[in-house]
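Listed here are the chains, written in short residue letters.
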Amino acid sequence: MSVPGFHPFTGASDDLVQAGHCNNWIGGELVDARSGARLDVHNPRHGAVMGTVADSDAADVASAVEAAKAAFPGWKATPYKERAQILYRLKALMERDLDRLSWLVSHENGKTFAEGKASVLKGIECLEYGCSLPNMSAGGQIEVSRGVTCKVDYEPLGVVGCVVPFNFPVMVPMWMLPQALVAGNTVVLKPSEQVPFGLLHLAMLAREAGLPDGVLNLVNGRKDAVQAIVDHPDVKAVGFVGSTKVASLLYARGASLGKRMLCLGGAKNHLVVVPDADLELTAQNVAASAFGCAGQRCMAASVLVAVGDADAQVDAVVAEAEKLVLGRDVGAIISEAAVERITGYIDQAEKMGAKVRVDGRGKQVDGKGWWVGPTVLDGVGRDWPAGCDEIFGPVLSIIRVKTLDEAIAIENDNPYGNAACIYTTSGFVAEYATARFEAGMVGVNIGVPVPREPFPFGGWNQSKFGHGDITGMDGFRFWTRARKTTTKWALQSDQNWMS
Ligand code: NAD
């Protein structure tokens, strides 16, 4: 890679490695924020600074939009299949740099290397979907009346914006970029200021793959940069993934300006376990869902609703949680503030009467860093903060109920609607529960029911603002508009209302 000023990350172990300064990537150049403002980026495993990132404002966003606008006519005129070929090359380059990207994600986010790698691989899978779009998304044409044809073409919108969260630095952007780019849009993307380096590496790979300058632009920063993207008159649509608070604010802001907005928010996911559930499968799966990625996943289990006499299943989950080794199986927490928030919920639930069956408070690995170990709170009340709020950490709240209908009512009452799962060996119980959950992604004996490509990803209720899902064909539709053309070349022999 020969972009002046770009120095690939060299970390290949858990040791602290400096990544330097993360500039913006605008029009094929690495540039600092015009104001010169910078923020520290931390390695959560060490609780130490690993670099800095540009803290951009509206002026930086304006120059990124200008670059994207200038690149749009050429990119739109590039044949569809040629646009996809660049993504094929990007896929090969991501595979070449798989370990490097995975270490980078692990360092800036705190995930274990294995989790970082799994997330990059999932990003590659999303990219594969984009590669195959030319084969799947052709418009259609039929003769609608004698001598009259109608056809539909899906055209790009122009300059579009993407805003992403900290928890999957490379994967979540890949929910949006393949569809947006293959469709012919040019993009201004705001990475999370907490994890900006993985995306910069990705942008360098995209350039190496042949993506023309200005087609993908990265503007780093915080709220000001995001609002400037949403407000910019030349940005036609914005895809956002992050917390519900910000998702709902941005959705309203963009929609009031007449923009197309799709904003994915937070979650509180319920796993319901009934007494006939398979012990081993349930225990492993619940623990993986609640404690994988240190619970910092919008699909993580955070409430286990135990129906009837499910003591054996709950005990098995507790035993699984106790087996997990912090730093090896469970990664770090993104910030010190997040550790305080998470432990605050545990303290409060304990005071309110919950039994702390597994306690992850006060943990460190090698005497440093930001950590919370797997935590299991038993006997949580359905209205308690630990039972209702998104904690976004490795904390599983167990709520005890007598009947399946009570469990479903608890799930239905929560305002979010990302994921829900039933653990059972009964097909009837599985169908009964999945048909009644108020969630966009439901599982049977699978605690992280992420739909794999080509099925689309997206929640319901307060977990998503806007129409349609973010991946799959819904994503393609979001980033395009349909042009319908009706054509007649000869005088018709019969007359009808279209004549
Ligand atoms: P966040 O909402 O704090 O930040 C997301 C993005 O918005 C970041 O780029 C950030 O810089 C920006 N931002 C923050 N505050 C803003 C404001 N007031 N105005 C405009 N922009 C603002 O989220 P996070 O902490 O980075 O990520 C964790 C959250 O994301 C969790 O709630 C999690 O559930 C959610 N998430 C949801 C999904 C999903 O698919 N529904 C996927 C991943 C993460």
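Residues numbered from 1 in each chain as written. Predicted model: local features only at pLDDT ≥ 70, side-chain atom pairs only at ≥ 80, totals over all residues. Heavy atoms only, no water.

### Description of the environment of Thr 487
Here Thr 487 lies in strand β21 (residues 480-488). Taking the C-alpha atoms as reference, Thr 487 lies 5.2 Å from Thr 149; in sequence the two are 338 residues apart. Those residues in contact with Thr 487 that lie beyond four places of it in its chain are Gly 147, Val 148 and Thr 149. (Helix = DSSP H or I, 4+ residues; strand = E, 2+ residues; numbered from the N terminus. Contact = heavy atoms within 4.5 Å.)

### Describing the sheet that holds strand β5 (residues 48-54)
The sheet built from three strands is open, its strands ordered β1-β5-β4 with mixed pairing. Among the strands making up the open sheet, the edge pair consists of β1 (20-22) and β4 (38-43). Sheet twist, expressed as the mean angle between neighbouring strand axes with direction ignored, is 35°. Relative to β1, helix α7 (residues 197-208) is tilted by about 75°, and along the sheet it contacts β1, β4 and β5. (Pairing = 2+ DSSP bridges. Axes fitted to C-alpha atoms, helices over the stretch in contact; angles between N-to-C directions.)

### A few points about the site of the ligand
Around the ligand, 26 residues are found, and the nearest of them are Lys 190, Glu 193, Ser 243, Gly 265 and Glu 390. At 2.7 Å, a side-chain N or O of Lys 190 approaches an oxygen atom of the ligand. Within the side chain of Glu 390, a nitrogen or oxygen atom sits 2.6 Å from an oxygen atom of the ligand. Expressed as a share of its isolated accessible area of 830 Å², the protein-covered part of the ligand is 88%. Contributions of two or more residues to the shell around the ligand are made by α8 (223-231) and β11 (235-241). Looking at the shell around the ligand residue by residue, the class counts come to 15 nonpolar, seven polar and four charged. (Near = heavy atom within 4 Å. Polar contact = N/O pair within 3.5 Å; in protein donor to acceptor, adjacent residues only side chain to side chain. Areas by Shrake-Rupley, 256 points an atom, 1.4 Å probe, with all protein chains shown as cover. Nonpolar A, V, L, I, M, F, W, Y, C, P; charged D, E, K, R; others polar.)

### Section: the pattern of salt bridges
Here the structure, examined in full by the defined rule, presents 28 salt bridges. A salt bridge links Arg 96 to Asp 97; the nearest nitrogen and oxygen atoms lie 3.0 Å apart. The residue Arg 96 makes a salt bridge to Glu 208 at a minimum N-O spacing of 2.9 Å. On the criterion of sequence distance, the pair formed by Arg 96 in helix α2 (residues 80-96) and Glu 208 in helix α7 is long-range, its members being 112 residues apart. Here the salt bridges do not stand alone but share partners, grouping Asp 311, Asp 315, Arg 357, Asp 378 and Arg 400 into one network. (Salt bridge = Lys/Arg side-chain N within 4 Å of Asp/Glu carboxyl O.)

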